[in-house]
Every structure is written in C-alpha cells, then in structure tokens.
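Spelled out from the first residue to the last, the chains are:
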Amino acid sequence: MRVDVENSIKASAMKTLDLGPFQVVRRAEHIQVIQRDAPERVLWRSASRSPLVRAARGRAQVTESRGFFKVDEQRRPWIDGGGIDRFELAGDSVVIEGPLGEDSRWSVSLTPIDESQLRFFVSTDNAEYNRVQLVGGLSAEQRVFGFGEQFTHLDMKGRVIP
C-alpha cells in the first residue's frame, strides 16, 4: 500500500472552527475566515509564507495644524511572530497564539459582533511592544474601507493606516 505523505500532512494541518455565522479555517500555509453559509467567499486571509503577527517598540510625535495631523514615528525593527501553537475555540471567540521573539507571545482573538461583523483583537503579553501588525493578504478584487474618518483615500488597500 502506497501512502501519500504530502497529502496526509496537509489534511492533518487543516482545522475548521465554527464561530457564529463565520468559520475560521487553519491550513498549513494560512488562516482564513469564511461565511458559513457561503464557504467559497473568503472574508479575510492571512498572507502565505509570512508571519501572522509582527510587533515592535516605537514612539510617535503627533502635531496638528488646521485639522491635519503629522505623525513622526521612530520605531525599532519589527519582530516576526513565530508559528501558531494554539488554535481553538474559547467561549464565543477563536483564539490563535504563538511565540514572539525569545520571551514573549502574540495573540489574536476573533469574536463575532453580529451576523456580518467579526472583531479582530491583536495583542502581545509584553507591554514594551507598543506597535502590533496583523499581516493579511487580499485578492486583486478586494478593497479595504473604514478605519475612522480619513481625509485622504476612501479605499485604503495598500496604504499604511495611522
């Protein structure tokens, strides 16, 4: 009998958790959030071959003039989060965790707000990291809107969000 090792590894690395109207799927190469009633529609996906979370230490000086803000940020290099070592349902949330650097950890909590909104909460257990990034990937046709009042662009895809 021949065993397909590559497909066995991929199948064992996939896990799906139901989260209200959403499903959170862990595959070997990424995490994705889909609507349970439309599984072909990917709502969010982590970037393949990239860390899910990055963190850094930094400080910002913000100045305002006539309603415009200038942010001068000084930041140390980003520390990439390590691989996922926790992916489970905890109450009404999906919790995803992993190591960050040598002595810290990162955490992402996904909690449904209602039938069409999902809250992402990203944190570290080290208060010295005051900059955190959740790294995601988008398809060419997806757009990004929101993030509070912006007087620059409506579609924030590909832009740094202050």
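Scroll up to find the structure this text is about.
Each value, and the rule that gives it
Residues numbered from 1 in each chain as written. Predicted model: local features only at pLDDT ≥ 70, side-chain atom pairs only at ≥ 80, totals over all residues. Heavy atoms only, no water. Pairing = 2+ DSSP bridges. Helix = DSSP H or I, 4+ residues; strand = E, 2+ residues; numbered from the N terminus. Buried < 20%, exposed > 50% of the residue type's maximum accessible area, 1.4 Å probe, protein only. Contact = heavy atoms within 4.5 Å. Salt bridge = Lys/Arg side-chain N within 4 Å of Asp/Glu carboxyl O.

Spatial strand order, 8-5-13: 3 strands in an open sheet with antiparallel pairing. The open sheet terminates on both sides in strands that have one partner only, identified here as strand 8 (79-80) and strand 13 (131-134).

Along the polypeptide, P112 turns up in strand 11 (residues 104-112). According to the relative accessible area criterion, P112 is partly exposed, its value standing at 23%. Sequence separation of P112 and P21 is 91 residues, and the distance between their C-alpha atoms is 7.9 Å. Residue contacts for P112: discarding those within four places in its chain leaves L19, P21, F22, D92, Q117 and L118.

Before going further, it helps to examine the environment of F69. Residue position: F69 is located in strand 7 (residues 68-75). Accessibility expressed as a relative area gives 62% for F69, which makes it exposed. Excluding anything up to four places from it in sequence, F69 contacts V62, T63 and E64.

Residue position: T63 is located in strand 6 (residues 58-65). Beyond its immediate chain neighbours, meaning those up to four positions away, T63 contacts F68, F69 and K70.

Applying the stated criterion across every chain yields a total of 7 salt bridges. Here R105 makes a salt bridge to D85, at a shortest N to O gap of 2.7 Å. Here R105, found in strand 11, pairs with D85, found in the loop between strand 8 and strand 9 (86-90); they are 20 residues apart in sequence, far enough to count as distant. Take D85: its relative accessible area is 48%, and that puts it in the partly exposed class. For E97, the salt bridge is made with R86, and the minimal N-O distance between the two is 3.1 Å. One end of the pair, E97, is in strand 10 (residues 93-100); the other, R86, is in strand 9, and 11 residues separate them in sequence. A single salt-bridge network, built from bridges that share partners, covers D85, R86, E88, E97 and R105.

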